[in-house]
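# Coordinates in review
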Amino acid sequence: MMNVVDIHSHFFPKSWENLAAKFGGDDWPWLRHEENPKPNQGKTPKQYPGRDWAMLMKGDKEFRPIYSACWDASVRLEEMDRDGVDKQIISATPILFAYDKPVAQAEYCAQLFNDAAMDICAQGDNRLFALAQVPLQDIDASCREVSRAKSCGHVGVQIGNHVGDNNMDDAGVLTFLQHCAEQDIPVFVHPWDMMAANRTKDYMMGWTVGMPAETQLSIVSMILGGGFDRVSDNLKICFAHGGGSFAFLLGRLDNAWHHRSIARGKSEFPPSHYLNRFYLDTAVFDHDSLDLLVKKMGPERLMFGSDYPFPLGEQQMGQLIKTAPSLTDKNKQLLLATNAEQFFNI
């Protein structure tokens, strides 16, 4: 039996205070719990048979259905046991970030949801761990909250891959990353607020196309914007969703760097030089894609992530790695647990 640590899973509290009533505005997230939904009305998601579920709302608009694994540690542990997952790291879903709100409101939300995450972990039989969120639109507030969260037991921080039009190479974001490096706080970068929203609004293309594109953009901006040259190499940073298309297009990036000076940006070295500065999760759902990640990044730079408990996550957590025909048992164990245990100190 191999140890399994899932670094990429999400949570919602079962309920939280009415943020619209507290702060005003008509686009705050909240949960509308459904009682005795009728399957023939198409209201009970097929993915969650026999589970309590709720509709995540954004103001008066339905955003997505979720089920009790998001807030009930016992359900989460039951499904972890089903799939052989020993430990899991939970993080907020990006709709909770509040990066577009006034700083005081976003800091309040960060504290609210960070404390809620620890409440869920407290019921997790020492198998659940949490990443914090921060009000990334204000760097002083972000540094203050991530330090508070670490003191409360969070094992790292999750950030969105941009704030408005500012990418990962933004001076403020780099200041925050340096703070995390100095305090030994691992960082997990998750895409959100996807590009080309109008063109990807149908067929969940915002998630299947936009999110991977955002992730690649975040890595490339860190490299070409000189982020990795400016931030301490003590920084522990991991990007979600296998880095999007980064590994597949690395040759294109290197070629551009060597043949067009403008494509070098502020980076001191070609993009492939920086592969030892960051990690990727393995939420790619395909053995050929996983093989490419292992070949490009090396097995020491990958960590198992499921994107549980959502329909676009790995439905049998860990099976992609466990059944990978080209991976040795030693490398499977690196991806499934060892790298994560060292990265997050758990």
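Here the structure is a predicted model, which is why all the values come from computation and not from measurement.

## Here's the deal with the overall build of the protein
A count of helical and extended segments in the protein gives 11 helices and 11 strands. For the protein, the C-alpha radius of gyration of 20 Å lies close to 20 Å, the compact-globule estimate for 346 residues. Structurally, the protein occupies a C-alpha span of about 60 × 45 × 40 Å along its principal axes. Residue pairs in contact within the protein that sit at least 24 positions apart in sequence constitute 72% of those at least 6 positions apart. Split by element, the accessible area of the protein, about 15,500 Å² in all, is 49% carbon and sulfur. Distance between charge centroids for the protein: 3 Å, based on 33 positive and 44 negative side chains.

## A closer look at the sheet that holds strand β2 (residues 29–33)
Read from one edge of the open sheet, three strands run β2-β3-β4, paired in antiparallel fashion. Single-partner strands in this sheet number two, and they are β2 and β4 (61–67). Strand after strand, the sheet turns through a mean of 30° between neighbouring axes, direction not considered. Where β2 and strand β3 (residues 53–58) come together, five bridges link them in antiparallel fashion. In the strand pairing of β3, Arg32 is matched with Met55.

## Quick look at helix α3 (residues 103–122)
Taking 1.5 Å of rise per residue, the 20 residues of α3 would be expected to cover 28 Å, and the 28 Å separating its terminal C-alpha atoms lies within 8% of that figure. What α3 keeps buried is the set Gln105, Ala106, Glu107, Cys109, Ala110, Phe113, Asn114, Ala116, Ala117, Ile120 and Cys121. Where the residues of α3 are buried, they touch β1 (5–11), α1 (19–23), α2 (73–83), β5 (87–92), β6 (128–132) and α4 (139–152).

## Description of the nonpolar core
Counting residues in hydrophobic clusters, the biggest one holds 92 residues, and the most contacted among them are Ile159, Phe176, Leu177 and Phe278. Contact partners of Leu177, with chain neighbours within four places excluded, come to Ile159, Met168, Val187, Met222, Val231, Leu235 and Ile237. Ranked by size, the runner-up nonpolar core spans 16 residues in total, among them Ile7, Phe129, Phe343 and Phe344.

## Observations concerning the pattern of salt bridges
A complete count under the given rule lists 11 salt bridges for this structure. In this structure, Arg51 engages Glu78 in a salt bridge whose closest nitrogen and oxygen atoms are separated by 3.2 Å. On the criterion of sequence distance, the pair formed by Arg51 in the loop between β2 and β3 and Glu78 in helix α2 is long-range, its members being 27 residues apart. We classify Arg51 as partly exposed; its relative accessible area is 21%. For Asp115, the salt bridge goes to Arg148, with nearest N and O atoms at 3.1 Å. Placement of the pair is Asp115 in helix α3 and Arg148 in helix α4, with a sequence separation of 33 residues. Connected through shared salt-bridge partners, Arg32, Glu34 and Glu62 make up one network.

## Examining the packing of α3 against α4
As a packed pair, α3 and α4 sit with axes 11 Å apart at the nearest point and diverge in direction by 15°. Here α3 is positioned roughly parallel relative to α4, judged by the angle of their axes. Like other packed secondary-structure pairs, α3 and α4 cross with a definite hand, here right-handed. Residue-level inspection shows Val103, Glu107, Ala110, Gln111, Asn114, Asp115 and Met118 of α3 in contact with α4, the latter providing Ala141, Arg144, Glu145, Arg148, Ala149 and Cys152.

## Here's the deal with the packing of aromatic side chains
In this description, an aromatic ring pair is defined by two values, namely the gap between the centres and the angle between the planes. Within the structure shown, the criterion is met by 15 aromatic pairs. For the ring pair Phe12 and Trp16, a centre distance of 6.3 Å and an interplane angle of 20° mean the geometry is stacked. Since its relative accessible area comes to 0%, Phe12 is described here as buried. Through a chain of ring-to-ring contacts, the aromatic side chains of Phe228, Phe239, Phe246, Phe269, Tyr274 and Phe278 assemble into a single cluster. Its guanidinium or amino end placed over the ring of Phe310, Arg64 lies 4.2 Å from that ring's centre, counting from NZ or CZ. For Arg264, the ring lying beneath its charged end belongs to Trp257, and the centroid distance is 5.0 Å.

## Regarding the sheet that holds β5
One key point about sheets: their strands pair by backbone hydrogen bonds, in either a parallel or an antiparallel sense. The sheet built from eight strands is open, its strands ordered β1-β5-β6-β7-β8-β9-β10-β11 with parallel pairing. A strand with exactly one partner marks an edge of an open sheet, and here the two such strands are β1 and β11 (302–303).

Conventions and cut-offs
Residues numbered from 1 in each chain as written. Predicted model: local features only at pLDDT ≥ 70, side-chain atom pairs only at ≥ 80, totals over all residues. Heavy atoms only, no water. Helix = DSSP H or I, 4+ residues; strand = E, 2+ residues; numbered from the N terminus. Rg over C-alpha atoms; globule rule 2.2 N^0.38 Å. Contact = heavy atoms within 4.5 Å. Areas by Shrake-Rupley, 256 points an atom, 1.4 Å probe, with all protein chains shown as cover. Lys, Arg positive; Asp, Glu negative; His and termini not counted. Charge placed at Lys NZ, Arg CZ, Asp CG, Glu CD. Pairing = 2+ DSSP bridges. Axes fitted to C-alpha atoms, helices over the stretch in contact; angles between N-to-C directions. Expected span 1.5 Å × (residues − 1). Buried < 20%, exposed > 50% of the residue type's maximum accessible area, 1.4 Å probe, protein only. Core = buried A, V, L, I, M, F, W, Y, C linked by side-chain atoms within 4.5 Å. Salt bridge = Lys/Arg side-chain N within 4 Å of Asp/Glu carboxyl O. Parallel < 35°, antiparallel > 145°, perpendicular 65-115°, else oblique. Left-handed = near helix turned anticlockwise from the far one by under 90°. Phe/Tyr/Trp six-rings, centres within 6.5 Å; stacked < 30°, edge-to-face > 60°. Lys NZ or Arg CZ within 6 Å of the ring centre and 35° of its normal.

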